[in-house]
Amino acid sequence: RLAGSIACTVSFLHTVVLASVIAANSQGRECRVVSFSSSNNAVESGVISCNAEGVRKLLDFLSYSFGGGTDVTGALKYVMDSSSSENDVSSSDIILVTDGELPNPPVSNAIMAKLDTLKRQTGVEVHGLLVGRKESAALDSLCDQVHDFLVHYESLQNVSIGKKTPFND
């Protein structure tokens, strides 16, 4: 499952989602995408497979946007609620893609306790992909591992609006 909110560069997010679908498929795992912006605004794609139908489904899903915001509560609640149904999440990973603009603490104590229980009972891992920053204490508190990306470059907003950056010299 991939959960992501990043207002500064939509195309980057789409690339991460596509790479996740390919990686999950190569490992024989399902990939579901949960897009979110607020605690009440989370939408799931359904299973995305690496075939023509899956690509159409993914492109359709990625054409919608919530317009920014980073409240991971809704996405995590959705993932945790779907894992308590008949879905087997034992080989799942949750990937949070964010620019790090998270409140601290990022979720309530109740959500954190439920996430910790899910991780302990199923082996689910939570990974963070932090874009454009070196660290985020809030993301660190949610994730088993946080990976940073594009830390050494100017603001990603400059990239998305066409300003001169190391990417387009």
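*Asks:* Got a minute to help me understand unusual backbone geometry in this structure?
*Replies:* If a residue is not glycine, its phi is most likely negative; likewise, a peptide bond is most likely trans. Put simply, N104 and P105 share a cis peptide bond, and its omega is 10°. Within the secondary structure, P105 sits in the loop between strand 4 (93-98) and helix 4 (109-122).

*Asks:* I keep staring at the pairing of strand 5 (residues 125-131) and nothing clicks. Help me out?
*Replies:* Here is the key point about a regular strand: its side chains alternate between the two faces of the sheet. For strand 5, the buried fraction is high: 6 of the 7 residues fall into the buried class. Two strands pair when backbone bridges link them, and strand 4 and strand 5 are joined in this way by 6 bridges, in the parallel orientation. Considered in strand 5, the bridge of L96 is made with G128. Remark: the strand 4/helix 4/strand 5 crossover connection has right-handed handedness. Of the strand pairs in this sheet, strand 5 and strand 6 (residues 145-149) are connected by 5 bridges, and their pairing is parallel.

*Asks:* Would you explain the nonpolar core in this entry?
*Replies:* Considering soluble globular proteins, one finds that nonpolar side chains tend to be buried as a cluster. Counting 22 residues, the largest nonpolar core has V72, L76, I94, L96, V107, L115 and L142 as its most contacted members. Among the elements of the structure, strand 2 (32-38), helix 3 (73-83), strand 4, helix 4, strand 5 and helix 5 (137-142) are those that each provide at least two residues to this core. Leave out the neighbours within four places in its chain, and L76 touches I94, V107, L115 and L142. Counting 15 residues, the second-largest nonpolar core is a separate cluster that includes V21, V33, L58 and L62.

The rules we used
Residues numbered from 1 in each chain as written. Predicted model: local features only at pLDDT ≥ 70, side-chain atom pairs only at ≥ 80, totals over all residues. Heavy atoms only, no water. Helix = DSSP H or I, 4+ residues; strand = E, 2+ residues; numbered from the N terminus. Buried < 20%, exposed > 50% of the residue type's maximum accessible area, 1.4 Å probe, protein only. Pairing = 2+ DSSP bridges. Right-handed = clockwise from strand over helix to strand, strands pointing away. Core = buried A, V, L, I, M, F, W, Y, C linked by side-chain atoms within 4.5 Å. Contact = heavy atoms within 4.5 Å.

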